[in-house]
Amino acid sequence: MLNCQKVSFLLSQSLDTPLPWIMRARLGLHLLMCRRCAAFRRQILVLTSVVRGAAAALAVDPGHDTAALSPAARARIKELLASQGAA
Amino acid sequence: MKPKTDAWVENHGDALFAYALSRVSDRSVAEDLVQETFLGALQVRDSFEERSSERTWLTGILKHKILDYYRRSHRGIAEKTEHTDDPDTLFDKAGRWRNSPENWGETPEDLLGRREFIDALRACIRALPDNQRAAFLAREIDGFSGEDICKKLAVTATNLWVMLYRARDRLRRCLTENWFAKLSPGA
């Protein structure tokens, strides 16, 4: 039997992999009758949208003072690459 | 004569480092990932077809290196049960919600226009357990397929779905507590 706990897991899973049609139908029926699961579904859809929409902003962390390679790391990497025989 | 790879480091090193640091939060790990990225790029540079920019190509390699790092550093990262991290808090014994998930009432467009929300989202993502964060960001931002993530992290599909479910559940609760609840304290 589909309870809300199972439904919440399946709603998340449906974002990653197609569910069998019979399961989709059962989920749809549950969502028609359960406002709480419908609210959970809306939340994870909004979450997905904002995370994807904020991807560029999330790639930078303003909390880190200097998001730059240290001079030592820069030099080490250059030397390592050069030693690999790169032209 | 300066090696051409010097230009790679000069042009892209800092950007790759910033990206890696946003994922692993440890400077020395981030530096290692940048180094591995350039070394990996060196090995496959003949396959760079210039359909994308050099930066995009290198960032793609880095995304793979980040997942490799999580697989190496988190043995046994698979999560097996289908429950959330707090099943007893969220659901009663019959599996029904104890409390309703809130109606957030804002559209993604509204939210994305606010820097404070992005900061709250970033903090919530950072608060995820490492394995859940790695899987979630690989899926939602880096665009890896579920199958690719399973291979890179050496987990089964079910393990991955559980990790993503828990990540989404934690994030929505974190945002509810740290953003949406604070907007309407009297509601």
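Residues numbered from 1 in each chain as written. Chains lettered and ligands numbered in written order. Predicted model: local features only at pLDDT ≥ 70, side-chain atom pairs only at ≥ 80, totals over all residues. Heavy atoms only, no water.

Student: Quick one: what's the story with the overall build of chain B, residue by residue and with numbers?
Tutor: A tally of regular secondary structure across chain B gives 9 helices and 0 strands. Secondary structure of chain B in N-to-C order comes out as α-α-α-α-α-α-α-α-α. The proportion of buried residues among the 187 residues of chain B is 51%. (Helix = DSSP H or I, 4+ residues; strand = E, 2+ residues; numbered from the N terminus. Buried < 20%, exposed > 50% of the residue type's maximum accessible area, 1.4 Å probe, protein only.)

Student: Could you give an account of the side chain of B:Lys152, with specific residues and numbers?
Tutor: Mapped onto the elements of the fold, B:Lys152 is located in helix α8 (residues 146-153). Every residue in contact with B:Lys152, bar those within four places of it in the chain, is listed here: B:His64, B:Leu67, B:Asp68 and B:Arg71. (Contact = heavy atoms within 4.5 Å.)

Student: Tell me about the packing of helix α2 (residues 27-44) of chain B against helix α3 (residues 54-73) of chain B, and name the residues and values.
Tutor: Helix packing for two helices is described by the angle between their axes and how far apart those axes are. Residues and elements named next belong to chain B. As a packed pair, α2 and α3 sit with axes 9 Å apart at the nearest point and diverge in direction by 125°. Judged by the angle between their axes, α2 and α3 are oblique. Read as a crossing pair, α2 and α3 show a hand that is right-handed. Where α2 approaches α3, its residues Val29, Leu33, Glu36, Thr37, Phe38, Ala41 and Val44 are matched on the opposing element by Trp57, Leu58, Ile61, Leu62, Lys65, Ile66, Tyr69 and Arg72. Residue composition of the contact of α2 with α3, by class: 11 nonpolar, 1 polar and 3 charged. (Axes fitted to C-alpha atoms, helices over the stretch in contact; angles between N-to-C directions. Parallel < 35°, antiparallel > 145°, perpendicular 65-115°, else oblique. Left-handed = near helix turned anticlockwise from the far one by under 90°. Nonpolar A, V, L, I, M, F, W, Y, C, P; charged D, E, K, R; others polar.)

Student: So what's going on with the state of the cysteines? Residues and values would help.
Tutor: What the rule picks out here adds up to 1 disulfide over all chains. Here B:Cys124 pairs with B:Cys174 through a disulfide, and the sulfurs are 2.0 Å apart. Between B:Cys124 and B:Cys174 the disulfide shows an S-S torsion of about -85°. By sign, it is left-handed. Taken together, the residues span a long stretch of sequence, with B:Cys124 in helix α6 (residues 115-126) and B:Cys174 in helix α9 (residues 157-183) at a distance of 50 residues. Across this residue pair, the class does not change: B:Cys124 and B:Cys174 are buried. A:Cys4 takes part in no disulfide bond, and the closest cysteine sulfur, belonging to A:Cys37, lies 3.7 Å away. On the basis of relative accessible area, A:Cys4 is assigned to the buried category, the value being 8%. (Disulfide = S-S within 2.5 Å.)

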